[in-house]
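What follows is each chain in one-letter form.
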Amino acid sequence: MDSAGVVLGQESAFPKDEYEKRQARARAGLARAGLDALVITGPENIFYLTGQQTPGYYTFQALVLPAEGDPVFVIRQLEYFNFIANTFISDAEVYQDSEDPIGFLMKVITRKGLSGKRVAIDKRGWFLPIAVYETLQSALGTVHDGAGIVEALRAVKSSLEVEKLETAASYVDAGMRAGLAAVRAGASDNDLVASMMEAAIRAGSEYMGMEPLVSTGRRTGVPHGTWRRTALSANDPAFLEMAAVHDRYHAALMRSAWVGPVPQEAEDMMKVCQDALAAALDEIRPGVACEVPHIACQKVIDAAGYTDNFRKRLGYSVGISFAPDWGEGAILSLNAGVKTALQPGMTFHLPPALRIYGRFTVGVSETIVVTETGWRQLGTVPRALTRIDA
């Protein structure tokens, strides 16, 4: 198909050789697993291996990566020029809206000589409907499990990827500073989010994988609450959490604020959050199991008597994300029972928060990268609770 003046890779997030190295590592993973090809449908894995990104991933797209030979991309015609701009892949099989994309994919697999071979699919993605899987299974006989092959590569970031996260963190800083500056009596949670989003986007952020988690007053006491026109009055909390994005790499940040005198109970809980985060960070270094920072955090919370107020993991991997999430928690979590060893280049968001359900939440977080000797935080916003006179 004529590229109509769109240059191959003109908007790519990375140089061509970066993707070639990633594809080579993925092929090595296929060889170790005894697989002949991997059909990749998750937009995060597709982006990691090719650079393809589009908000149109709600329609079917698939990368067919053979253990030997060049990859081929199956894509909707409307997305073709986007694909050319973002990738260095020359082999695209384009289907029309009038065609069945799964049937089209099977024809591609046949033409590539993969029928009857050991073909796997990345089963961990959000976008693998049962009907698609069943169709592939019917056509191939057996669909092998390719989950984890690409994700294992994504867990450890290259220096180029860390640079993307550092830039994203600077956008988060801009957004969070603007949000905290907007906290005042009479302002609504909508006002806070408007300030945060405007500042982050003006700083350079692209569209986020998930909306900010911002709430005010008693609504802060409900986990994952979002803005809903609730104005702040005297003696009200504000809870602000957001991510920002550079070339699909997400950094996130959580901060707390209070209008008027801060209740002693909230002061105490905020101090515990600060101490728990510090204790967790003290444990982060290469070779330490992912559960160790979580356990350190939990010990601080338990000792303060807030066990029932903290029923979650300490943190999760961050990096490439598309909606509906800004994290990579499906790849790696800082949680009890996770024995995976930390490695330099792993990146995490650590958001310890404590809440009295239905009354208030306080919390603080950092996005960090594991270094050769410990860790480095990517944000610069002070961790202290922001106090606003009523």
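Criteria and cut-off values
Residues numbered from 1 in each chain as written. Predicted model: local features only at pLDDT ≥ 70, side-chain atom pairs only at ≥ 80, totals over all residues. Heavy atoms only, no water. Salt bridge = Lys/Arg side-chain N within 4 Å of Asp/Glu carboxyl O. Helix = DSSP H or I, 4+ residues; strand = E, 2+ residues; numbered from the N terminus. Buried < 20%, exposed > 50% of the residue type's maximum accessible area, 1.4 Å probe, protein only. Axes fitted to C-alpha atoms, helices over the stretch in contact; angles between N-to-C directions. Parallel < 35°, antiparallel > 145°, perpendicular 65-115°, else oblique. Left-handed = near helix turned anticlockwise from the far one by under 90°. Contact = heavy atoms within 4.5 Å. Nonpolar A, V, L, I, M, F, W, Y, C, P; charged D, E, K, R; others polar. Arc of directions from axis to C-beta.

Caption draft 1: Here's a closer look at the pattern of salt bridges. For the structure on display, the rule yields 18 salt bridges. A salt bridge links R376 to E166, with the shortest nitrogen-to-oxygen separation between them at 2.8 Å. Note that R376 is positioned in strand β16 (residues 375-377) and E166 in helix α7 (residues 159-181), a separation of 210 residues in sequence. Accessibility expressed as a relative area gives 36% for R376, which makes it partly exposed. With a relative accessible area of 29%, E166 lands in the partly exposed category. A salt bridge links D308 to R311, with the shortest nitrogen-to-oxygen separation between them at 2.6 Å. For D308, a relative accessible area of 55% puts it in the exposed group.

Caption draft 2: Local environment of the packing of helix α9 (residues 264-282) against helix α10 (residues 291-303). One can describe the packing of α9 onto α10 by two numbers: an axis separation of 8 Å at closest approach and a directional angle of 150°. Taken together, α9 and α10 sit at an angle that is classed as roughly antiparallel. Every pair of crossing elements has a handedness; the one defined by α9 and α10 is right-handed. Taken together, the residues of α10 that come into contact with α9 (itself represented by V272, D275, A276, A279 and A280) are P293, A296, C297, V300 and I301. Class assignment for the residues of the contact of α9 with α10 results in nine nonpolar, no polar and one charged.

Caption draft 3: The arrangement of unusual backbone geometry in detail. A cis amide bond, omega 20°, links A323 with the succeeding residue P324. Residue position: P324 is located in the loop between β10 (315-317) and β11 (333-334). Non-glycine residue H224 carries a positive phi angle of around 60°. Structurally, H224 can be placed in the loop between β7 (213-216) and β8 (236-246).

Caption draft 4: Summary view of helix α5 (residues 130-140). All buried positions along α5 are accounted for by V132, L136 and L140. Along the axis of α5, the buried positions cluster into a sector of 50°, meaning they face one direction only. Residues of α5 that are exposed and point more than 90 degrees away from the buried face comprise I130, A131 and S138. As for α5, its buried residues are in contact with α4 (101-111) and β5 (119-121).

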